[in-house]
Amino acid sequence: MAEEITFNSLTIEKSLIEKLKENNITTPTAVQAQAIPLINSGKSLLFQSETGTGKTYAYLLPLLTKIINSQNPTKAVKILIVSPTFELAGQIKTQIQLVSSIKTALLIGGAPIKRQTESLKEKPEIVCGTPARLLELYNLKKLKLDSLEAVVLDEADRLLSPELKGYTLELLKSPKKDVQLLCASATITKTTQKILQETKIKTDGTEGQKVETLFLPPEDVLKKRITHYAVFAERRDKIDTLRRILNAENPSKCLIFTGRLDQVENIVSKLKYKKIECTALHAKTDKTERKAAIDRFRSGKIDILVTSDLTSRGLDIPDITHVIQMDLPSNEDFFIHRAGRTARAGKTGINIVIGDEREMILFSKLEKKLGITVYPKMLYKGKLISPSELEEQL
């Protein structure tokens, strides 16, 4: 009989394990059980696992353990965590603070650079940030990486997309000594894999170690833990259909996606007019307002967050019961990442697509491609029911 894998058997620092328990995290996930020993051994690693499977703590726990048990008491940046979005960078910092008191700086674009420079004078041991701002502070010689031990690329696929690739690869040239490179993503393209396998952090004229790849077998979160509904509505009726679904389902925490940025505020305005309290989040939202919106949603002060695809990747907010998609994205990865905001950490959830005739046809094709089961639903007398249930009532 195989020995049970625990955080203790993975040699995670006891103080971290106690903090995990306080946050109801008691058993390592599959990705944590497989990635942590490889990270502990010092390997550079690219690991892929579905959304909601615990990738962030898979790299954080061994790295935090290393800092806590370090024989090097120098207060300098030892861990650099690069994220594609402000929201994900802030979330990673929050997850660090949930389990440790290690000083961590958040360096993101759109925030005052002077304030960030001041935060670096406090000698953080971990820095989380977006690639362009991190590179800017490094080139200004404000971010010093002489003591760096590991670089993490969280959501590696996005960090190596055309718009961010230049900043990310430039950052990988910055370490002055051999460092561990860790890359995590829910999806890994062949292009990303090739770039990282060819990217060895060069140090003192020598080449760093090659990046190994770890693919976790799918847990089929999309199939096994998420229930998918399809609700037909003409485009002009979609917001009213959304309102009726919210009244019928009364979700305790709901994330609403629209592919059209200009529709976010429109949806919020119309829901509020009908006395449904909600808040907006999109790329043009002020950074302070974005953080406030996420904090309110995370804490439960607001139950409904309407957003563009800005937050469909990487954002981990616990206990989202419903995801509602106001359109069917043309890219299936966006569909997967949107739906994957629910049913996290072993929980179940509901994903609802409100689509017109064309989108329903596309959704049927996507159902077959992804191997999921989609249940047609319709609104009747304030309830969301199946067509067969309607026949029984008539």
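Everything numeric in this text was worked out from a predicted model, so none of it was measured. (Residues numbered from 1 in each chain as written. Predicted model: local features only at pLDDT ≥ 70, side-chain atom pairs only at ≥ 80, totals over all residues. Heavy atoms only, no water.)

S.K.: Could you clarify how one ought to interpret the overall build of the chain in this entry?
M.R.: Secondary structure summary: the chain contains 16 helices and 17 strands in total. The C-alpha atoms of the chain give 22 Å as radius of gyration, which agrees with the globular expectation for 394 residues (21 Å, within 12%). Summarising its shape, the C-alpha atoms of the chain cover approximately 75 × 55 × 40 Å along the three principal directions. Counting across all 394 residues of the chain, residues that qualify as buried make up 53%. Of the contacts formed within the chain by residues at least 6 apart in sequence, a portion of 72% connects residues at least 24 apart. A distance of 4 Å separates the average location of the 61 positive side-chain charges in the chain from that of its 49 negative side-chain charges. (Helix = DSSP H or I, 4+ residues; strand = E, 2+ residues; numbered from the N terminus. Rg over C-alpha atoms; globule rule 2.2 N^0.38 Å. Buried < 20%, exposed > 50% of the residue type's maximum accessible area, 1.4 Å probe, protein only. Contact = heavy atoms within 4.5 Å. Lys, Arg positive; Asp, Glu negative; His and termini not counted. Charge placed at Lys NZ, Arg CZ, Asp CG, Glu CD.)

S.K.: Would you explain the sheet that holds strand S9 (residues 212-215) in this entry?
M.R.: Hydrogen bonds along the backbone pair up the strands of a sheet, which may run parallel or antiparallel. The parallel open sheet is built from 7 strands, whose spatial order is S3-S4-S2-S5-S6-S1-S9. The open sheet terminates on both sides in strands that have one partner only, identified here as strand S3 (104-107) and S9. Across the sheet, the axes of successive neighbouring strands diverge by a mean angle of 15 degrees, strand direction being ignored. Across 4 bridges, the pairing between S3 and strand S4 (residues 126-129) is parallel. Residue pairing across strands places Leu106 opposite Cys128, the latter belonging to S4. Helix H4 (residues 86-99) rests against strand S2 (79-82), S3, S4 and strand S5 (150-154) of the sheet, and its axis sits at about 150 degrees to S4. (Pairing = 2+ DSSP bridges. Axes fitted to C-alpha atoms, helices over the stretch in contact; angles between N-to-C directions.)

S.K.: Sorry, what's going on with helix H8 (residues 162-171) here?
M.R.: Side chains of residues three or four places apart in an α-helix project in the same direction, reflecting 3.6 residues per turn. Those residues of H8 not exposed but buried are Leu164, Thr168 and Leu171. The arc that holds the buried residues of H8, viewed along the axis, is 50 degrees, so those residues lie on one side. Of the exposed residues in H8, those oriented more than 90 degrees away from the buried face are Pro162 and Gly166. The inward-facing, buried residues of H8 abut S2, helix H6 (131-139), S5 and helix H7 (156-159). (Arc of directions from axis to C-beta.)

S.K.: How do you make sense of the sheet that holds strand S12 (residues 279-281) when you look at a structure like this?
M.R.: One open sheet accounts for 8 strands, arranged S12-S13-S11-S14-S15-S10-S16-S17; its pairing is mixed. Each of the sheet's edge strands pairs with one partner strand only, and the pair in question is S12 and strand S17 (383-385). Across the sheet, the mean angle separating the axes of adjacent strands is 25 degrees when strand polarity is ignored. Sheet analysis places strand S10 (residues 226-232) next to strand S16 (residues 374-380), joined by 4 bridges and oriented parallel. Within S16, the position partnered with Ala230 by the bridge is Pro376.

S.K.: Would you mind going over the packing of helix H3 (residues 55-68) against H4 with me for this structure?
M.R.: Axis angle and axis distance: for two packed helices, these are the angle between their axes and the distance between the axes, and together they describe the pair. For the pair H3 and H4, interaxial distance at closest approach is 11 Å and the crossing angle is 50 degrees. Relative to H4, the element H3 is oriented oblique. H4 is crossed by H3, and the crossing has right-handed handedness. Each of Thr56, Tyr57, Tyr59, Leu60 and Leu64 in H3 lies in contact with H4, whose residues at this interface are Ile92, Gln95, Ile96, Leu98 and Val99. Taken together, the residues that form the contact of H3 with H4 break down as 8 nonpolar, 2 polar and no charged. (Parallel < 35°, antiparallel > 145°, perpendicular 65-115°, else oblique. Left-handed = near helix turned anticlockwise from the far one by under 90°. Nonpolar A, V, L, I, M, F, W, Y, C, P; charged D, E, K, R; others polar.)

S.K.: Got a minute to help me understand the environment of Asp356 in this structure?
M.R.: As for its position among the elements, Asp356 is in the loop between strand S15 (349-355) and helix H15 (357-370). The spatial distance from the C-alpha of Asp356 to the C-alpha of Lys368 is 19 Å, given a sequence separation of 12 residues. Discounting chain neighbours no more than four positions away, the residues touching Asp356 are Phe232, Ala233, Arg235 and Lys238. Only 3.4 Å separates the side chain of Asp356 from the side chain of Arg235, close enough to count as a polar contact. (Polar contact = N/O pair within 3.5 Å; in protein donor to acceptor, adjacent residues only side chain to side chain.)

S.K.: Teacher, can you tell me more about the confidence of the model for the chain here?
M.R.: Any region with low pLDDT has predicted coordinates that should not be read closely. Residue-level pLDDT values for the chain average 89, and 95% of them are 70 or greater. Counting contacts from residues 202-206, a segment whose pLDDT is below 50, to residues more than four positions away or on other chains yields 8 contacts. (pLDDT = per-residue confidence, 0-100.)

S.K.: For this particular structure, what's the right way to read the packing of aromatic side chains?
M.R.: Centre distance and the angle of the planes are the two values used to describe a pair of aromatic rings. In total, this model carries 1 aromatic pair according to the counting rule given. In this structure, Lys253 is placed above the aromatic ring of Phe297, and the distance from its NZ or CZ to the ring centre is 5.5 Å. When the ring centre of Tyr229 is taken as reference, the NZ or CZ atom of Lys377 above it lies at 4.9 Å. (Phe/Tyr/Trp six-rings, centres within 6.5 Å; stacked < 30°, edge-to-face > 60°. Lys NZ or Arg CZ within 6 Å of the ring centre and 35° of its normal.)

S.K.: Could you clarify how one ought to interpret H6 in this entry?
M.R.: Burial in H6 covers these residues: Pro131, Arg133, Leu134, Leu135, Leu137 and Tyr138. Here the buried face of H6 lies against S2, S3, helix H5 (113-120), S4, H7 and H8. Count one or two residues on from H6 and you reach Lys141, which has phi positive near 65 degrees.

S.K.: Any chance you could explain the pairing of S16 here in plain terms?
M.R.: Look at any regular strand and the pattern is simple: side chains alternate between the two faces of the sheet. As defined by bridge partners, S16 adjoins S17 across 3 bridges and the pair is classed as antiparallel. Among the inter-strand pairings, Leu379 is bridged to a residue of S17, identified as Leu384. Connecting S16 to the next strand, S17, in antiparallel fashion are 2 residues, including Lys381 with a positive phi near 50 degrees.

S.K.: Hey, could you run me through the pattern of salt bridges in this one?
M.R.: Taken as a whole and judged by the stated rule, the model has 18 salt bridges. The closest approach of N and O atoms between Glu125 and Lys75, which form a salt bridge, is 3.3 Å. One end of the pair, Glu125, is in the loop between H5 and S4; the other, Lys75, is in the loop between H3 and S2, and 50 residues separate them in sequence. The exposure class of Glu125 is buried, given its relative accessible area of 8%. Among the residues examined, Lys75 registers a relative accessible area of 49% and is labelled partly exposed. Here Lys173 makes a salt bridge to Glu170, at a shortest N to O gap of 3.8 Å. Each of the salt bridges in this network shares a partner with another, and the network as a whole consists of Lys75, Lys78 and Glu125. (Salt bridge = Lys/Arg side-chain N within 4 Å of Asp/Glu carboxyl O.)

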